[in-house]
Amino acid sequence: MFKDIQFIKSVFDLSDLPRQDLPQLILCGRSNVGKSSFINSVVNRKALAKTSSTPGKTRSINFYNVDNTFFIVDLPGFGYAKTSLKEREK
């Protein structure tokens, strides 16, 4: 299906977004619903996107380049994660 899927970067600050002008497929939703597992399943790789049984492990915006044609973007989940109020506001 896809030939070249690469993790590009984790972004913690919006000023650090990738400069490539490619379309983006955004994955967003509640914590612990399987967004990262979905990425691994779609690209047929077990550990491209890091997964955890603990909700809220994804704290950054993670970019994956797919065949230099588009990005899959994994956003942090919301809802279940046990984080500080300051971290949630961020």
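See the structure printed just above.
The written sequence of each chain sets the order in which its residues are numbered from 1. Reporting of local features is limited, given that this is a predicted model, to residues whose pLDDT is at least 70; pairs of side-chain atoms are given and counted only at 80 or more, and all residues count toward the totals for whole chains, interfaces and linings. Excluded from the side-chain calculation are hydrogens and water; included are all heavy atoms of the structure.

A short note on the pattern of salt bridges
For step 1, the next point in the chain: Salt bridges are defined as contacts in which a side-chain nitrogen from Lys or Arg sits within 4 Å of a carboxyl oxygen from Asp or Glu. The final tally for this structure, using the stated rule, is one salt bridge.
For step 2, the next point in the chain: A salt bridge links Lys-9 to Asp-16; the shortest N-O distance between them is 3.1 Å.

A short note on the environment of Leu-22
For step 1, the next point in the chain: With respect to the helices and strands, the residue Leu-22 is situated in the loop between strand S1 (5-11) and strand S2 (24-27).
For step 2, the next point in the chain: Once the C-alpha coordinates of Leu-22 and Thr-69 are considered, the two residues, 47 residues apart in sequence, prove to be 6.4 Å apart.
For step 3, the next point in the chain: Among all residues touching Leu-22, those that are not within four sequence positions of it are Asn-65, Asn-68, Thr-69, Phe-70 and Phe-71. Note on conventions: DSSP H or I runs of at least 4 residues are helices, E runs of at least 2 residues are strands, and numbering of each starts at the N terminus. Contacts between residues were defined by any pair of non-hydrogen atoms, one from each residue, lying within 4.5 Å.

Quick word on the nonpolar core
For step 1, the next point in the chain: Ile-5, Leu-27, Ile-39, Val-43, Leu-48, Ala-49, Tyr-64, Val-66, Phe-70 and Ile-72 together form the largest nonpolar core, which totals ten residues.
For step 2, the next point in the chain: For this core, the secondary-structure elements that each account for two or more residues are strand S3 (61-66) and strand S4 (70-74).
For step 3, the next point in the chain: Once residues within four sequence positions are removed from consideration, Tyr-64 is found in contact with Gln-6, Phe-7, Ile-8, Ile-39, Leu-48, Ala-49, Lys-50, Phe-70, Phe-71, Ile-72 and Asp-74. Side-chain atoms within 4.5 Å are what join buried Ala, Val, Leu, Ile, Met, Phe, Trp, Tyr and Cys residues into a set we call a nonpolar core. For every residue, the accessible area (1.4 Å probe, protein chains only) is compared with the maximum for its type, and the residue is labelled buried under 20%, exposed over 50%, or partly exposed between those bounds.

Overview of the packing of aromatic side chains
For step 1, the next point in the chain: Aromatic pairs are defined between Phe, Tyr and Trp rings, using the six-membered ring for Trp, whenever the two ring centres lie within 6.5 Å; interplanar angles under 30 degrees are classed as stacked, those over 60 as edge-to-face, and all others as tilted. Within the structure shown, the criterion is met by two aromatic pairs.
For step 2, the next point in the chain: A ring pair is formed by Phe-63 and Phe-71, whose centres lie 5.5 Å apart and whose planes are at 85 degrees; its orientation type is edge-to-face. Here Phe-63 and Phe-71 have matching classes, each one buried.

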